[in-house]
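This is what each chain is made of:
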Amino acid sequence: MQSLRKNISKIIATVFMGALSIFFIIPLLWMVSSAFKFEKDVMRFPIEWIPSSINVVNNFKAVWMNKVPFAQIYFNSFKVAIIVTVVSLIVSTMAAYAFTKLKFRGRNFVFAILLSLMIIPDQATLIPRFMLIRWMGLYDTHAAIILMSMFSIYFTFMLRQFMAGINDEYLEAARIDGAGQIRTFTSIMIPLCRPVIATVAIIKFIWSWNDYQNPLIFLQTKSLYTIPLGMTLFRDDYTTNDAIMMMAALSAIIPLLIVFVVLQRQVIDGIALGGVKG
Amino acid sequence: MEETKASYQLSKHAGKKFWTPQRKEALVGWLFLAPEIIGMLLLNVFALGFSLYLSFTDWDLLSGVSGIKFAGFENYVHLFEDPTIWKALRNNILYTILTVPVPIIIALVLAVVIHSKVYFKDYFKVVFFIPYISSIIAIAAVWSALFHPSLGPINQFLMDLGISNPPKWLVDPKTSLIAIAIITSWAGLGYTIIIYMAGLSGISNELYEAAEIDGATGMKKFLKITVPLLRPTTFFLFITMLIGSFKVFDIISYLTEGGPDNSSTVIVFRIYQEGFVNYNMGYASAISWLLFAIIGLITAATWKMRQDDSF
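Residues numbered from 1 in each chain as written. Chains lettered and ligands numbered in written order. Predicted model: local features only at pLDDT ≥ 70, side-chain atom pairs only at ≥ 80, totals over all residues. Heavy atoms only, no water.

## Considering the confidence of the model for chain B
Residue and element names in this part refer to chain B.
Part 1 of the argument: For chain B, the mean per-residue pLDDT works out to 89, and 94% of the residues sit at or above 70.
Part 2 of the argument: The secondary-structure element of chain B with the lowest mean pLDDT is helix 1 (residues 2-12), recorded at 52, while helix 4 (residues 83-99) shows the highest, at 96.
Part 3 of the argument: The ipTM for the predicted assembly is 0.91, set against a pTM of 0.90. (pLDDT = per-residue confidence, 0-100. Helix = DSSP H or I, 4+ residues; strand = E, 2+ residues; numbered from the N terminus.)

## Observations concerning unusual backbone geometry
Part 1 of the argument: Note the cis peptide between G259 of chain B and P260 of chain B, where omega equals -10°.
Part 2 of the argument: Secondary-structure assignment places P260 of chain B in the loop between helix 13 (250-255) and helix 14 (267-277).
Part 3 of the argument: The backbone phi angle of D140 of chain A is positive, close to 65°, even though this residue is not glycine.
Part 4 of the argument: Within the secondary structure, D140 of chain A is located in the loop between helix 6 (126-135) and helix 7 (142-149).
Part 5 of the argument: Owing to a relative accessible area of 17%, D140 of chain A belongs among the buried residues under this scheme.
Part 6 of the argument: Even without a glycine there, the phi angle at N262 of chain B is positive, about 60°.
Part 7 of the argument: For N262 of chain B, the position within the fold is in the loop between helix 13 and helix 14. (Buried < 20%, exposed > 50% of the residue type's maximum accessible area, 1.4 Å probe, protein only.)

## Notes on the side chain of Q181 of chain A
Part 1 of the argument: Mapped onto the secondary structure, Q181 of chain A falls in helix 10 (residues 181-192).
Part 2 of the argument: Taking the relative accessible area as the measure of exposure, Q181 of chain A reaches 15% and is therefore buried.
Part 3 of the argument: Those residues within four positions of Q181 of chain A in sequence are excluded, and the remaining contacts are Y97, L102 and R175 of chain A together with E25 and V28 of chain B. (Contact = heavy atoms within 4.5 Å.)

## What to know about the packing of helix 5 (residues 101-116) of chain B against helix 9 (residues 176-200) of chain B
Residues and elements named next belong to chain B.
Part 1 of the argument: Relative orientation of the contacting elements helix 5 and helix 9 amounts to 50°, with a least axis distance of 8 Å. Taken together, the axes of helix 5 and helix 9 lie oblique to each other. Crossing of helix 5 over helix 9 shows right-handed handedness. Contacts from P103, I104, I106, A107, L108, L110, A111, V112, I114 and H115 of helix 5 reach helix 9 at S185, L189, T192, I193, Y196, M197 and L200. (Axes fitted to C-alpha atoms, helices over the stretch in contact; angles between N-to-C directions. Parallel < 35°, antiparallel > 145°, perpendicular 65-115°, else oblique. Left-handed = near helix turned anticlockwise from the far one by under 90°.)

This is how it looks when you write it as C-alpha cells:
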C-alpha cells in the first residue's frame, strides 16, 4: 500500500516535471524548427513546429557560404578553444602538482594568495590587460585571447583537490625506481589524473567556445572572430531574417550539444565539482 | 627569486654538493608554479594596481603613454555626478534581485523533486542543463526573436490569451531588464539545479528514515532536514550568483547595448563603453574600481553573514 502510493506520487511528479521541462527545451526546439523555414513562416502563429515548406538548404548556404565567413569563424573557434584548453591544462596541472606533491617552503602561502586573487573580477582589470596586449603587439590576434584565458586558479583548485586524494606511495615508488620529478609528473601523475583532466578539459573547451567578452575586446578583424562574436555579424546583416539567424544560432551550439550528449556525465560532474567561472 | 639565487650559488659552489634532494624539489616546485604565478601577477595584481593609477589620470589611449595626464580625484567626482553610473548601479541591483533569490528557490525545489521523486532522473538533469552549456549569445539570438514585440511567439501567445497590450520586452525601457533577467534565469537554472543535486547526494538517507519514524511529513522533512543541511550549498550559490550578477555583460552587450534609454545599462557595460568605445581610459578605470569595490564588499558582507551563522 505504502509503496503503491509512493509509485503513484512518483508518476505524478514525473508527469509534472515533464511538462515543466518542456519550457526548457521549447525555445531550442523553436530555434531548430525556424532554421528549417522560409523567413515568412518563422513568425507565423500558431507556431508550425514541423515546417510545411522547407528552406533549410538556402538558410544553410546563407550562413555558411555567404559574405560573413562563417566557416572561417567556426575554424577559429575550434582553433582557439583547443589551444586554450591544452595550454591552460598544462599550466594548471603543473601548478596543482607543485601545490600537492612537491614540498617546499612558501607553497601554502602562495596558494592562499592565488585563491584570494579569485575575487578580482576580470572586468576590473580589462583596461590594463588591453594596454598590455597592445604593448606586446598582440592586439587583434588569437594569441591575445589565448593569453587571457590560459591562467585559471579555479581549474588549478579543482585539479589540486583531486591530486590531494592520490596516495603519495605511487609517486614514491616511481622515485625509488629512479624517476626524476618531471618524469614522475608526466608518467605517473598525469595518467592517474586522467578522469579529472578530461572533465576540466571539456568544461574549459565549452567556456572558451562561448567566450564573448575577450574576442569583443581584443579582436577587430572579422575573419579572426570566433562564434559568439560572429553572431553579431549575422545580427547586423540579417536582422530581419530570423530563419537565417536561427540557422546561425543552431550552428553555434551544435558542437556543444554533441560534446554534451556524448559526455554529459563528465560535463555535469565537472560543473558540480565546484561551479563558478574563474 | 629563490631560483635565481639558487642557480647563482650553484655556479659558485660547483662541485660541492649543493643540490640536495630538498633543494631540487623546491626548485622544481617553483618552476612548476612559475607560469601560473607570473600570469596571475601580471593579469590580476599588476593590472589592478595599474588600473588604480589610471583611475587618477585623464587619458584617451590614442595620444600614447605621454598623453597620460594626472587628474587627481576628477574621475571619482565625475563618477558620483554621472547619472548613467547611478542608473547602471540601480539596474545591477534590480537585476540581482530578479536573478538571484527566485532562481535559487525554484532550483532548490526542482532539485529535490528530481533527486528523489521522479523517474528518468538523468533525462531531467540533461534537459534543464542544455540551456546552460549552450552559448549565451546563441540563446540571446533565439530569445530576441521570441520576444519580438508584435510578431514574436511570446506576445502572439499572450494576445491569444486576451492580453491586448502585451509588454514590449527588450525594446521598452520599462521591461528590457526584466526580459534579460528572464533569459539569464532560464539559461542558468540548470546549473543551480546541478549544484543543489550534488549537495543533496551528500545528505544521508538515514536522517530522513529517522524523521519518518518520528512521523515527519514530506514538507516537514524538507524544511527541517533538507534546507538546513543544504545551507553550505545555498551559501555558495548565493555568493557566486550575487557576484556573477554584478559582472553581467555579454548578454546585455549583444541584446540591447544598455538601451533603450540606458534602461539595461550595467556597471561592466559602462566600463566597456567608456574604455573601448569612447577611449576614456582614466574614467573607465575609475568605474573598474567601483566594480572591484562592490564585489569586495559583497564578498566581505556574505562572509560575515556566514560567520554570524545567519546562512
